[in-house]
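So the chains spell out like this:
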Amino acid sequence: TQLLEQSPQFLSIQEGENLTVYCNSSSVFSSLQWYRQEPGEGPVLLVTVVTGGEVKKLKRLTFQFGDARKDSSLHITAAQPGDTGLYLCAGYDKIIFGKGTRLHILP
Amino acid sequence: DVKVTQSSRYLVKRTGEKVFLECVQDMDHENMFWYRQDPGLGLRLIYFSYDVKMKEKGDIPEGYSVSREKKERFSLILESASTNQTSMYLCASRHNSAFEAFFGQGTRLTVV
């Protein structure tokens, strides 16, 4: 069974701070995805990274795929209260999820 | 707009009942998935289907079965509901050649 480990599980920081969330595995993935989930809703895709070493940016969010395609990171610059939510990494093809990082940005 | 619809947002069933959770997508997607989400355990894959009439076990299939008679509909069946199946159930669908999966809003099932 492929496993994805996310860290940290919980993160509570002040508005304006930077943060990084990690997603690690011992398995190689053809791609990794990051989803965000709001309370009472299903996850929504933020980004897919496919190539080892790939970096993708989505406004203040930067996603990186490790060179060996076993890990990924999500970096948020100048966090805002609107970034609060559950962030999930997922591996393709069966879409296996990590346990998620619950992020809370304090105004 | 892309849509994955789960038949109920909230459901309360008794132990031992047979429970059907329905999921319908309107995007002509080949792949469909069922997950359960529990605090501290994340989303765990129960069953998935790559196409009509096809089904594959996920990581936690025990106590569940599925049916995919039509492309747009994927049903999750709890043969004899137990209290440890109280959870949030999420359905997702995806086009065969795409990365992105689209999720329904979830069904919060309570078994008493």
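The present account deals with the structure reproduced in this document. Because the structure is predicted, anything quoted here is derived from the model rather than measured. (Residues numbered from 1 in each chain as written. Chains lettered and ligands numbered in written order. Predicted model: local features only at pLDDT ≥ 70, side-chain atom pairs only at ≥ 80, totals over all residues. Heavy atoms only, no water.)

**A word on the interface of chain A and chain B**
- Every contact between the two is made by 23 residues of chain A and, on the other side, 22 residues of chain B.
- For the pair chain A and chain B, the summed buried area comes to about 1800 Å², and 54% of that belongs to carbon and sulfur atoms.
- For the chain A face of the interface with chain B, the top three residues by lost area are Tyr92(A), Lys94(A) and Ile95(A), together amounting to 27%.
- Across the contact surface, chain A and chain B share zero salt bridges.
- For the pair chain A and chain B, the number of links is six residue pairs in polar contact (both at pLDDT 80 or more).
- Elements that contribute at least two residues to the side of chain A that touches chain B include exactly strand S4 (32–37), strand S5 (44–49), strand S9 (85–91) and strand S10 (96–97) of chain A.
- No other element matches S4(A), which puts three residues into the side of chain A that touches chain B.
- Of the residues in the side of chain A that touches chain B, the class split is ten nonpolar, nine polar and four charged. (Contact = heavy atoms within 4.5 Å. Buried area = accessible area lost by both parts, 1.4 Å probe. Salt bridge = Lys/Arg side-chain N within 4 Å of Asp/Glu carboxyl O. Polar contact = N/O pair within 3.5 Å; in protein donor to acceptor, adjacent residues only side chain to side chain. Helix = DSSP H or I, 4+ residues; strand = E, 2+ residues; numbered from the N terminus. Nonpolar A, V, L, I, M, F, W, Y, C, P; charged D, E, K, R; others polar.)

**As for the sheet that holds strand S8 (residues 73–78) of chain B**
Residues and elements named next belong to chain B.
- In spatial order, the strands read S1-S3-S8-S7; together these four strands make up an open sheet with antiparallel pairing. Because the sheet does not close on itself, it has two edges, and the strands there are strand S1 (4–6) and strand S7 (64–70). Mean inter-strand twist for the sheet, computed between neighbouring axes without regard to direction, equals 20°.
- Two strands pair when backbone bridges link them, and S7 and S8 are joined in this way by five bridges, in the antiparallel orientation. In the sheet register, Ser65 faces S8, and the bridge partner there is Ile77. (Pairing = 2+ DSSP bridges. Axes fitted to C-alpha atoms, helices over the stretch in contact; angles between N-to-C directions.)

**Structural notes on the state of the cysteines**
- Under the defined criterion, the tally for this structure stands at two disulfides over all chains.
- Across a sulfur-sulfur distance of 2.0 Å, Cys23(A) and Cys89(A) are joined as a disulfide pair. Taking the torsion about the sulfur-sulfur bond, which here is approximately 75°, the covalent link between Cys23(A) and Cys89(A) counts as right-handed. With Cys23(A) in strand S3 (residues 19–24) and Cys89(A) in strand S9, this pair connects stretches of sequence that are 66 residues apart.
- Each sulfur in the disulfide pair Cys23(B) and Cys91(B) lies 1.9 Å from the other. Taking the sign of the torsion about the S-S bond as the criterion, the disulfide between Cys23(B) and Cys91(B), at about -75°, is left-handed. Highlighted residues: Cys23(B) in strand S3 (residues 19–25) and Cys91(B) in strand S9 (residues 87–94), separated in sequence by 68 residues.
- Residue class for Cys91(B) comes out buried when judged on its relative accessible area of 0%. (Disulfide = S-S within 2.5 Å. Buried < 20%, exposed > 50% of the residue type's maximum accessible area, 1.4 Å probe, protein only.)

**A few points about the pattern of salt bridges**
Residues and elements named next belong to chain B.
- Evaluated as defined, the whole model comprises nine salt bridges over all chains.
- The salt bridge involving Arg73 is made with Glu22; its shortest N-O contact spans 3.8 Å. Taken together, the residues span a long stretch of sequence, with Arg73 in strand S8 and Glu22 in strand S3 at a distance of 51 residues.
- By relative accessible area, which is 23% here, Glu22 ends up partly exposed.
- Residue Lys53 is joined to Glu69 by a salt bridge in which the shortest nitrogen-to-oxygen separation is 2.7 Å. One end of the pair, Lys53, is in the loop between strand S5 (42–49) and strand S6 (56–57); the other, Glu69, is in strand S7, with 16 residues separating them in the sequence.
- It is possible to trace a salt-bridge network through shared partners that takes in Arg36, Asp38 and Arg44.

So yeah, pure geometry; function would need other evidence.
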